[in-house]
Each structure stands twice: as C-alpha cells, then as structure tokens.
Amino acid sequence: MKKETKDLEMHLAQDEEAKAILELGFFLIQAYQRLKSFLEEAEKMLNGTKLHINEIVVLHIIRIHNTPKSVSVIHLLADFYDDYLIAYTIKKLVKLKLIQKVRSKEAKNT
C-alpha cells in the first residue's frame with residue numbers, strides 16, 4: 001500500500017484514475033512529438049526546406065483548395081492565435097517562394 005501511494009505521488013495523481021489520465025496525456029505528448037519530427041523530416045526530404053511544425057501547418061492550411069486564405073482563417077484552422085507567429089510564418093513562406101501574398105482585392109477577383 002505504501003509503494004502504491006509513492007507511485008501516485010510521482011505521477012502527481014490523487015488516485016488510480018487520475019494516474020491513468022495523466023499517463024494518457026503523457027503518451028499523447030510523446031505521439032505529438034514523434035508526428036512533429038516525422039512531418040519536419042518529411043518536408044526536409046521532399047522539398048529540401050527546413051520548416052518548423054507551425055510553418056508546415058500554416059502552409060498546409062494556405063494550400064487547402066488552392067485558394068487564398070485570410071489571416072483570420074489561418075488563426076481559426078491552425079488553432080493558434082499568435083499574430084506575430086502567423087506574420088513571421090507567412091513572411092518566411094513567401095521568402096522561400098512556397099506561397100504568394102495576394103491583396104484582398106485580387107483574392108475577391110479570383
């Protein structure tokens with residue numbers, strides 16, 4: 001019984017159910033990190049570009065249906081709301097010639 005209590009303390013859990021939930025969360029973090037590494041390496045191998053996972057996500061969103069996307073759409077679909085991050089990512093993707101910036105008037109005419 002004493003060993004079980006010590007194991008729960010190591011997991012920051014109050015009981016077995018909480019321990020199981022925390023372990024699941026840890027496994028999800030590990031899976032995300034492996035997926036992130038895979039996507040970053042695949043991008044590097046396929047296109048020769050070293051992109052961070054956030055840049056890959058934004059690039060994918062922009063290329064959906066091959067139509068221009070507003071920053072607000074990118075915010076919504078990427079589920080991150082850091083304006084600086086989005087602006088920096090768009091500038092980097094434009095510089096790498098992976099995307100083109102389109103003025104809002106031009107996007108409406110297409």
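For the structure, check the block above.
Residues numbered from 1 in each chain as written. Predicted model: local features only at pLDDT ≥ 70, side-chain atom pairs only at ≥ 80, totals over all residues. Heavy atoms only, no water.

Draft legend 1. Up close: the nonpolar core. If you look at the biggest cluster of nonpolar residues, it comprises 14 residues, and the most contacted ones within it are Leu 51, Val 58, Leu 59, Ile 74, Ile 86, Leu 93 and Ile 99. At the level of secondary structure, the elements contributing two or more residues to this core comprise α3 (53–63), α4 (71–78) and α5 (83–95). Per element, the largest residue contribution to this core is five residues, and it comes from α3. Residues within four places of Val 58 in sequence aside, it is in contact with Ile 74, Phe 80, Ile 86, Thr 89 and Leu 93. (Core = buried A, V, L, I, M, F, W, Y, C linked by side-chain atoms within 4.5 Å. Buried < 20%, exposed > 50% of the residue type's maximum accessible area, 1.4 Å probe, protein only. Helix = DSSP H or I, 4+ residues; strand = E, 2+ residues; numbered from the N terminus. Contact = heavy atoms within 4.5 Å.)

Draft legend 2. Highlighting the layout of surface pockets. In this structure, the largest pocket occupies an estimated 510 Å³ of space. If you go around the largest pocket, you meet 21 residues; those closest to its centre are Ile 62, Pro 68, Gln 100, Lys 101 and Val 102. (1 Å grid on protein atoms, 1.4 Å probe; cavity = no way out; pocket = protein on both sides within 12 Å on 5 of 7 lines; lining within 4 Å. Points joined across faces, edges and corners; volume = space filled by probe spheres on them.)

Draft legend 3. Broad picture of the packing of aromatic side chains. Taken as a whole and assessed by the stated rule, the structure comprises two aromatic pairs. Ring centres of Phe 26 and Phe 27 lie 6.3 Å apart, and the angle between their planes is 50 degrees; this geometry places the pair in the tilted category. Accessibility expressed as a relative area gives 46% for Phe 26, which makes it partly exposed. Between the aromatic rings of Tyr 84 and Tyr 88, the centroid separation amounts to 6.3 Å while the plane-to-plane angle is 20 degrees, which identifies the pairing as stacked. Residue Tyr 84 and its partner Tyr 88 are both found in helix α5; the two are separated by four residues, about one turn of the helix. (Phe/Tyr/Trp six-rings, centres within 6.5 Å; stacked < 30°, edge-to-face > 60°.)

Draft legend 4. Spotlight on unusual backbone geometry. Notably, Asn 66 is not glycine yet its phi reads approximately 50 degrees, a positive angle. When you line up the elements, Asn 66 lands in the loop between α3 and α4. By relative accessible area, which is 71% here, Asn 66 ends up exposed. Even without being glycine, Lys 97 reaches a positive phi, approximately 60 degrees. On the secondary structure map, Lys 97 appears in the loop between α5 and α6 (104–109). The exposure class of Lys 97 is exposed, given its relative accessible area of 75%.

Draft legend 5. Representation of α4 within the structure. Those residues of α4 not exposed but buried are Ile 74, His 75 and Ala 78. The arc enclosing the buried residues of α4, seen along the axis, measures out at 105 degrees, which places them on a common side. Along α4, exposed side chains directed more than 90 degrees from the buried face belong to Ser 72 and Leu 76. Buried residues along α4 sit against α3 and α5. Just beyond α4, the residue with positive phi is Asp 79, at close to 60 degrees. (Arc of directions from axis to C-beta.)

Draft legend 6. Highlighting the environment of Val 57. Topologically, Val 57 is positioned in helix α3. Val 57 sits 32 residues away from Thr 89 along the chain, and the two C-alpha atoms are 10.0 Å apart.

Nothing here speaks to function; it is all geometry.
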